[in-house]
Amino acid sequence: EDQVTQSPEALRLQEGESSSLNCSYTVSGLRGLFWYRQDPGKGPEFLFTLYSAGEEKEKERLKATLTKKESFLHITAPKPEDSATYLCAVPPFYGGSQGNLIFGKGTKLSVKP
Amino acid sequence: DAGVTQSPTHLIKTRGQQVTLRCSPISGHKSVSWYQQVLGQGPQFIFQYYEKEERGRGNFPDRFSARQFPNYSSELNVNALLLGDSALYLCASSLGVTDTQYFGPGTRLTVL
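Report follows, based on the coordinates. (Residues numbered from 1 in each chain as written. Chains lettered and ligands numbered in written order. Predicted model: local features only at pLDDT ≥ 70, side-chain atom pairs only at ≥ 80, totals over all residues. Heavy atoms only, no water.)

1. A look at the interface of chain A and chain B
So the rule is basically this: In this analysis, two residues are considered to be in contact whenever any of their non-hydrogen atoms come within 4.5 Å of each other. By convention, the term buried area covers the 1.4 Å-probe accessible surface removed from two parts as they join, with the contributions of both added. Any Lys or Arg side-chain nitrogen located within 4 Å of an Asp or Glu carboxyl oxygen qualifies as a salt bridge. Under the rule applied, a polar contact is a pair of N or O atoms within 3.5 Å (in protein, one hydrogen donor and one hydrogen acceptor; residues adjacent in sequence only if both atoms are side-chain atoms).
In this assembly, 19 residues from chain A lie in contact with 20 residues from chain B. Around 1,400 Å² of area is buried between chain A and chain B when both sides are counted, 56% of it from carbon and sulfur atoms. Between the two partners, chain A and chain B, sit zero salt bridges. Taken together, the connections running from chain A to chain B amount to three residue pairs in polar contact (both at pLDDT 80 or more).

2. Notes on the sheet that holds strand 1 (residues 3-7) of chain A
All names here are of chain A. Test applied: Two strands pair under a simple rule: DSSP has to find at least two bridges between them. Think of it this way: any DSSP run of H or I at least four residues long counts as a helix, any run of E at least two long counts as a strand, and we number them from the N terminus. To obtain each axis, a line is fitted to C-alpha atoms, and for helices this fit is confined to the stretch in contact; angles are then taken between N-to-C directions over 0 to 180 degrees.
A sheet is described by the order of its strands in space; here five strands give the open sequence 1-3-8-7-6, paired in antiparallel fashion. Sheet topology places strand 1 and strand 6 (56-59) at the edges, where each strand pairs with a single neighbour. Taking the axes of each pair of neighbouring strands and ignoring which way they run, one obtains an average angle of 15° across the sheet. Where strand 1 meets strand 3 (residues 19-26), five bridges bridge the pair, whose relative direction is antiparallel. When the sheet's bridge partners are listed, glutamine 6 is paired in strand 3 with cysteine 23.

3. Section: the state of the cysteines
Operational definition: What counts as a disulfide here is a pair of cysteine sulfur atoms lying within 2.5 Å. The buried label applies to any residue whose accessible area, calculated with a 1.4 Å probe on protein chains only, is under 20% of its type's maximum; exposed applies above 50%, and partly exposed to all values in between.
Applying the stated criterion to the full structure yields two disulfides over all chains. Between the sulfur atoms of Cys23(A) and its disulfide mate Cys88(A) the distance is 1.9 Å. When the S-S torsion is -60°, as for the bridge of Cys23(A) with Cys88(A), the disulfide is left-handed. Separated by 65 residues along the polypeptide, Cys23(A) in strand 3 and Cys88(A) in strand 9 (residues 84-90) bring together distant segments of the chain. Taken as a pair, Cys23(A) and Cys88(A) share a single burial class, namely buried. Across the disulfide from Cys23(B) sits Cys91(B); the S-S distance is 1.8 Å. Between Cys23(B) and Cys91(B), the disulfide has an S-S torsion of -60° and is therefore left-handed.

4. Quick word on the packing of aromatic side chains
Each aromatic ring pair is specified by the distance between its two centres and by the angle formed by the two planes. Stated precisely, the cut-off is as follows: Only Phe, Tyr and Trp rings are paired, with Trp represented by its six-membered ring, and only when their centres lie within 6.5 Å; those with planes under 30 degrees apart are stacked, over 60 edge-to-face, the remainder tilted.
Scanning all chains against the criterion turns up 10 aromatic pairs over all chains. A centroid spacing of 5.3 Å and a plane angle of 85° characterise the contact between Tyr36(A) and Phe103(B), whose relative ring orientation is edge-to-face. Separated into two different chains, Tyr36(A) in strand 4 (residues 33-38) and Phe103(B) in strand 10 (residues 102-103) make up a pair that spans both. As far as the burial class goes, Tyr36(A) and Phe103(B) line up, both buried. Taking the centre distance of 6.2 Å and the plane angle of 55° together, the rings of Phe47(B) and Tyr49(B) count as tilted. We classify Phe47(B) as buried; its relative accessible area is 1%. By relative accessible area, Tyr49(B) is classed as buried at 7%. Taken together, the aromatic side chains of Tyr36(A), Phe46(A), Phe103(A), Tyr35(B), Phe45(B), Tyr102(B) and Phe103(B) make up a single cluster linked through ring pairs.

Such coordinate-based values are descriptive only and should not be taken to indicate function.
Shown next, in the form of structure tokens:
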């Protein structure tokens with residue numbers, strides 16, 4: 001069964017304290033891995049798409065990397081405004097809609113000043 | 001450019017009632033997907049429509065239905081509401097079926 005697992009569930013950082021969020025996935029064939037940011041009560045905001053192992057993408061203080069089994073979202077010198085829930089998602093390989101996304105439960109990041 | 005819009009923002013219903021949620025995609029996007037997100041969980045796929053045709057359905061009961069209009073906007077209908085239907089309902093649009101999905105702000109449904 002296609003599955004996405006994110007860890008940790010919650011992460012508390014001090015401003016400027018760098019860290020990484022993990023997303024492990026089990027799909028028969030990866031057709032893309034998506035990272036989203038979600039603020040409380042709002043819709044997810046698209047951050048990155050990664051397609052192949054070794055690929056990296058950056059945006060401000062965020063860098064996403066991909067291996068054959070997992071993806072990492074590295075946060076460098078975070079600021080309080082980076083506080084949000086970060087969601088990882090993959091499309092299923094077999095069955096159903098090829099446009100469906102399977103989401104993990106997310107990592108809730110809190111950055112204290 | 002306008003993003004995905006959803007209406008209403010919030011909705012309160014009682015058990016057994018019916019509800020219709022609306023979504024307008026980003027201009028030029030032909031695919032709309034619906035997701036349900038309960039507190040503390042990631043979004044769960046309900047439907048995807050492309051060019052007015054259903055292209056996928058998640059593991060939801062037949063009380064859930066949807067349609068897409070010629071202008072690519074979409075409606076999600078839920079009949080015979082249950083307490084467990086209380087959630088944030090998200091609409092996402094994309095250019096095509098497998099392209100990056102962009103989400104709207106969601107509709108918060110509370111069933112009493």
